Amino acid sequence: MKNAVIGNNKQKANLIVLGAVPRLLYLLQQEASSTELKAECAVVLGSLAMGTENNVKSLLDCHIIPALLQGLLSPDLKFIEACLRCLRTIFTSPVTPEELLYADATVIPHLMALLSRSRYTQEYICQIFSHCCKGPDHQTILFNHGAVQNIAHLLTSLSYKVRMQALKCFSVLAFENPQVSMTLVNVLVDGELLPQIFVKMLQRDKPIEMQLTSAKCLTYMCRAGAIRTDDSCIVLKTLPCLVRMCSKERLLEERVEGAETLAYLIEPDVELQRIASITDHLIAMLADYFKYPSSVSAITDIKRLDHDLKHAHELRQAAFKLYASLGANDEDIRKKIIETENMMDRIVTGLSESSVKVRLAAVRCLHSLSRSVQQLRTSFQDHAVWKPLMKVLQNAPDEILVVASSMLCNLLLEFSPSKEPILESGAVELLCGLTQSENPALRVNGIWALMNMAFQAEQKIKADILRSLSTEQLFRLLSDSDLNVLMKTLGLLRNLLSTRPHIDKIMSTHGKQIMQAVTLILEGEHSIEVKEQTLCILANIADGTTAKELIMTNDDILQKIKYYMGHSHVKLQLAAMFCVSNLIWNEEEGSQERQDKLRDMGIVDILHKLSQSPDSNLCDKAKTALQQYLA
């Protein structure tokens, strides 16, 4: 059987159909079977598992994993190794649920104990761990069972395969895990610290796979806060190694992994972004990711070419990701990226690719570049980026919507020339729709974009926003549990209520509800920032001609303004003072009655007190207000 199925998928499928698997598993578990027989059974099962994904599914359906795990309790090393080899093949298949490794709590400690038995147990067990460690829960289980101590010394093993699998283990254990990363920094192996061992493993004379994996370990430890971003092992070793992986001499998957890891390493750090952008002409090197496979690639290998053509989209995705990280903060780098040959066209094309991952990466890249005022006014305009973006926003998955709507916020800033055409293409309805999303990030972006849209806008646009959003939704957003949503909604209200005719117009139709909302927020348990924004809205209302009366006839609100003038927080005192100044300003009709009413309330006494304030800003504002009474 073994000789028939090796390398022959058709024969493997035939044997499975004929019912060989339950029979082999029966012999494997029989007390009476000799150790040689059991080992042979495990080898044949392992060979069947090497076939198609359907083969693996058939094996899983026959409960092969519990049977093999049971086999690990045998005293015989050859049998243990055969079971582990088969388990390794099954667990590395995408159809096998990782959870099967953790179902029985005795398995992990037993595997840790088997690590010392032979170089094969070491290689297979590390491979099983690195494939089955998905997310913080798995990391914690492995960490608590001593994974770090048990695997560290394998990095100096004589077997390359063992060193490599141990290294992969550390990369999955450290990923986004401060606890593991902080531990790794201080682990000694033969008198050397782990980071130093990783640095040795990413030297140019080491195999590419080893260089890449150790660069990942150092990257993940750095991102988890265990290594500083200005440490020489990051700046002089890890970063240059990852840039090397992006060159066109490397294989497709190496270039993809190199670029994605580098994007992750430099994402939060502007200094690393600057260094990367001037290392080995990286920005130009990434442009080659779009011309792949090029004539340079070894066309002699037809299988390779076929594989690369099928996976070329992964290269584009990786390039977009790295461009997004490079351009996250620095204006000069963004300019360089945009000036790279046909870059904007490539991104715009990326927005309509069939692969969701490429679309997402292209939107992220655009979003990163849209943080630049200059680019919004030039390149984004020349390429009418807003058109494909509006298309992306129609029924895209949430993760794309979040980034695309965030970018729309930037395109709707008042200085962006794209603002007009975006409005004409139905953006208001689209954004009002986002504010009703279950996802708080989408609610924030929807309301944020509306806030930018309303800034210094004409009356018609403001009326459109109010009509599409509806007052019910506006007030729902004002009681949203997400602080960002609340702040942006207040920002929207403040932008709607600016310039006198607009203030009076909106307050004449929605005054009652807006005053109610303001009262609720000022009475509620809210942060200083929220209350400050709310008082600024009141100050805007107080600046209206007819809108003023809504405050003057509302004693409750007047008392609140008085209360905040005497508050312990200067920001709130200043905001309350703006309200008062706008109400008592002399040149305006009815100012005398308003001044008298506020004097009777004791506002003038407070102004006198504030004119002695140690805060110069507050002191000046109080004196200016008092002059209105003297004039």
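Residues numbered from 1 in each chain as written. Predicted model: local features only at pLDDT ≥ 70, side-chain atom pairs only at ≥ 80, totals over all residues. Heavy atoms only, no water.

*Asks:* Would you mind going over helix α3 (residues 20-29) with me for this structure?
*Replies:* Side chains that are three or four residues apart share a direction in an α-helix, a result of its 3.6 residues per turn. Looking only at α3, the buried set comprises A20, V21, L24, L25 and L28. All buried residues of α3 lie within an arc of 125° about the axis, which places them on one face of the element. The secondary structure elements touched by the buried residues of α3 are α2 (9-17), α4 (35-49), α5 (53-61), α6 (64-71) and α7 (77-91). (Buried < 20%, exposed > 50% of the residue type's maximum accessible area, 1.4 Å probe, protein only. Helix = DSSP H or I, 4+ residues; strand = E, 2+ residues; numbered from the N terminus. Arc of directions from axis to C-beta. Contact = heavy atoms within 4.5 Å.)

*Asks:* Teacher, can you tell me more about the environment of A287 here?
*Replies:* Residue position: A287 is located in helix α20 (residues 282-287). Look at A287 and you get buried, because its relative accessible area is 0%. Distance in space between the C-alpha atoms of A287 and G258 is 15 Å, their sequence separation being 29 residues. Setting aside anything within four residues of it in sequence, one finds A287 in contact with Y323, T340, E341 and R346.

*Asks:* Where do I start with the domain arrangement of the protein in this structure?
*Replies:* A common way to state how big an interface is: give the accessible area lost once the parts meet. Along its sequence, the protein is organised into domain 1 (372-496) and domain 2 (499-630). Placing a centre on the C-alpha atoms of domain 1 and another on those of domain 2 gives a separation of 30 Å. Listed per partner, the contact involves 15 residues of domain 1 and 18 residues of domain 2. The junction of domain 1 with domain 2 conceals about 1,500 Å² of combined surface from both sides, 74% of it contributed by carbon and sulfur atoms. At the boundary of domain 1 and domain 2, one finds 0 salt bridges. Where domain 1 touches domain 2, the interface holds 4 residue pairs in polar contact (both at pLDDT 80 or more). Looking at the side of domain 1 that touches domain 2, the elements with two or more residues in it are α32 (459-469), α33 (471-478) and α34 (483-496). Here the residues of the side of domain 1 that touches domain 2 are counted per class, giving 10 nonpolar, 2 polar and 3 charged. (Domains from an automatic or database assignment. Buried area = accessible area lost by both parts, 1.4 Å probe. Salt bridge = Lys/Arg side-chain N within 4 Å of Asp/Glu carboxyl O. Polar contact = N/O pair within 3.5 Å; in protein donor to acceptor, adjacent residues only side chain to side chain. Nonpolar A, V, L, I, M, F, W, Y, C, P; charged D, E, K, R; others polar.)

*Asks:* Looking at this structure, I do not really get the state of the cysteines. What am I missing?
*Replies:* Two cysteines joined by a covalent bond between their sulfur atoms form a disulfide. Within the structure shown, the criterion is met by 0 disulfides. C169 supplies the cysteine sulfur nearest to C133, a cysteine that is in no disulfide, at a spacing of 7.8 Å. Unpaired in terms of disulfides, C619 finds its nearest cysteine sulfur in C579, a separation of 20 Å. (Disulfide = S-S within 2.5 Å.)

*Asks:* Where do I start with the packing of α6 against α7 in this structure?
*Replies:* Between two packed helices, what matters for the description is the angle formed by their axes and the separation of those axes. Running from amino to carboxyl end, α6 crosses α7 at an angle of 150°, the nearest separation of the two axes being 9 Å. Considering their axes alone, α6 and α7 lie roughly antiparallel with respect to each other. Along this stretch, α6 crosses α7, giving a crossing that reads as left-handed. In this structure, α6 contributes I64, I65, L68, L69 and G71 to the contact, and α7 contributes F79, I80, C83, C86, L87, I90 and F91. Within the contact of α6 with α7, the residues separate by chemical class into 11 nonpolar, 1 polar and no charged. (Axes fitted to C-alpha atoms, helices over the stretch in contact; angles between N-to-C directions. Parallel < 35°, antiparallel > 145°, perpendicular 65-115°, else oblique. Left-handed = near helix turned anticlockwise from the far one by under 90°.)

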